[in-house]
Amino acid sequence: MKGLLVVDIQNDFLPGGALGVPDGDKIISTVNKLQYHNEFKLVVGTQDWHPPDHGSFASNHEGKNPLDIIELGGLEQILWPDHCVQGSIGSDFPKELDINKMEAIFRKGMEKEIDTYSAFFDNGHKKDTGLTGYLRARNIDHVYIVGLAGDFCVNFSIRDALEQNFKVTLIEDCTRPINTDEFENVLKELKEKGTEIISSGDLLT
Ligand code: VGL
Ligand code: ZN
């Protein structure tokens, strides 16, 4: 059965937000429609959900700036502006996003020593968010993915979903990257790994 995973559509990832993704807001109305598509037996959302002292924030490392790279818990970490701080307006879903169809919301990025881009595992693959088990318990074997940011949380979620042996479809017009230049390469890699890439128009008529 097919499920829809809506990744990190949060105020901070929209234009004007702390880590605004260019045109991130443009996907919302289509994502709203997709959630009601009969094909999807389950809709699940995620939220990036950091404590204020999270290790991915440049502000928590003396002399560092956003986009600097450091080592965090033994992994390479890109530093970001403070974003999606637990309970802040930036961490909230935008009011335009329909969240009524989401049966569960998985929050991630709560441990300060490790970042979690993927909806399935932290970046070190040490801790499972529980999403794999949840999807399996609901008989989902095919995950459709939409959301932000295309090159980070969507990208990493797709890789993990494939590794967990889900069939994976990215709905290309329902994601946007932080870095547009490199996104073509990301898409090419995802395709090579077995991701099906479609447009929302292939589902909605
Ligand atoms: C994300 C950077 C930092 C994302 C989250 O949701 O793609 N990107 N934290
Ligand atoms: Zn984050």
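Up top you'll find the structure we're talking about.
Here the structure is a predicted model, which means the values were calculated and not measured. (Residues numbered from 1 in each chain as written. Chains lettered and ligands numbered in written order. Predicted model: local features only at pLDDT ≥ 70, side-chain atom pairs only at ≥ 80, totals over all residues. Heavy atoms only, no water.)

Caption draft 1: Structural view of the environment of K33. Locating K33 in the fold gives a position in helix α1 (residues 28-35). Separated by 25 residues in sequence, K33 and A58 have C-alpha atoms that sit 36 Å apart. (Helix = DSSP H or I, 4+ residues; strand = E, 2+ residues; numbered from the N terminus.)

Caption draft 2: The arrangement of the site of ligand 1 in detail. Surveying the vicinity of ligand 1 reveals the residues D8, F13, L19, D48, W80, H83, Y117, L148, A149, F152 and C153. Take L148: an N or O atom from its main chain is 3.5 Å from an oxygen atom of ligand 1. Within the complex, the protein chains bury 100% of what would otherwise be the 260 Å² of accessible surface of ligand 1. The residue makeup of the shell around ligand 1, split by class, is 8 nonpolar, 1 polar and 2 charged. (Near = heavy atom within 4 Å. Polar contact = N/O pair within 3.5 Å; in protein donor to acceptor, adjacent residues only side chain to side chain. Areas by Shrake-Rupley, 256 points an atom, 1.4 Å probe, with all protein chains shown as cover. Nonpolar A, V, L, I, M, F, W, Y, C, P; charged D, E, K, R; others polar.)

Caption draft 3: Spatial organisation of the coordination of the zinc ion (ligand 2). The protein atoms donating to the zinc ion (ligand 2) are D48 (OD), H50 (NE2) and H83 (NE2), with metal-donor distances spanning 2.0 to 2.2 Å. Coordination geometry of the zinc ion (ligand 2): the 4 donor atoms subtend angles of 87 to 169° at the metal centre, consistent with an arrangement described as irregular. Mapping the donors of the zinc ion (ligand 2) onto the primary sequence gives the spacing D-x1-H-x32-H. In this pair, H50 sits in the loop between β2 (40-48) and β3 (69-72) while H83 sits in the loop between β4 (75-78) and β5 (102-108), placing the two residues 33 residues apart along the sequence. For H50, a relative accessible area of 0% puts it in the buried group. Since its relative accessible area comes to 2%, H83 is described here as buried. (Donors = N, O, S within 2.8 Å, 3.2 Å for Na, K, Ca; no water. Tetrahedral: all angles 85-135°; square planar, octahedral: opposite > 155°, others 65-115°. Buried < 20%, exposed > 50% of the residue type's maximum accessible area, 1.4 Å probe, protein only.)

Caption draft 4: Geometry of the sheet that holds strand β6 (residues 142-148). With parallel pairing, the 6 strands of this open sheet are ordered in space as β5-β2-β1-β6-β7-β8. If you trace the sheet from one side to the other, it starts and ends with β5 and β8 (196-198), each paired once. Each neighbouring strand pair of the sheet contributes to a mean axis angle of 25°, computed without reference to strand direction. The pairing of strand β1 (residues 2-7) with β2 spans 5 bridges and is classified as parallel. When the sheet's bridge partners are listed, L5 is paired in β2 with V44. Where α1 meets the sheet, its contacts fall on β1, β2, β5, β6 and β7 (167-176), and the angle it forms with β7 comes to roughly 145°. (Pairing = 2+ DSSP bridges. Axes fitted to C-alpha atoms, helices over the stretch in contact; angles between N-to-C directions. Contact = heavy atoms within 4.5 Å.)

Caption draft 5: Here's a closer look at the packing of helix α3 (residues 150-163) against helix α4 (residues 180-192). α4 packs onto α3 with a crossing angle of 5° between their chain directions and a minimal axis gap of 11 Å. Taken together, the axes of α3 and α4 are roughly parallel relative to one another. Residues G150, D151, N155, I158 and R159 of α3 form the contact with α4, whose own contacting residues are F183, V186, E189 and L190. (Parallel < 35°, antiparallel > 145°, perpendicular 65-115°, else oblique.)

Keep in mind these values describe shape, not function.
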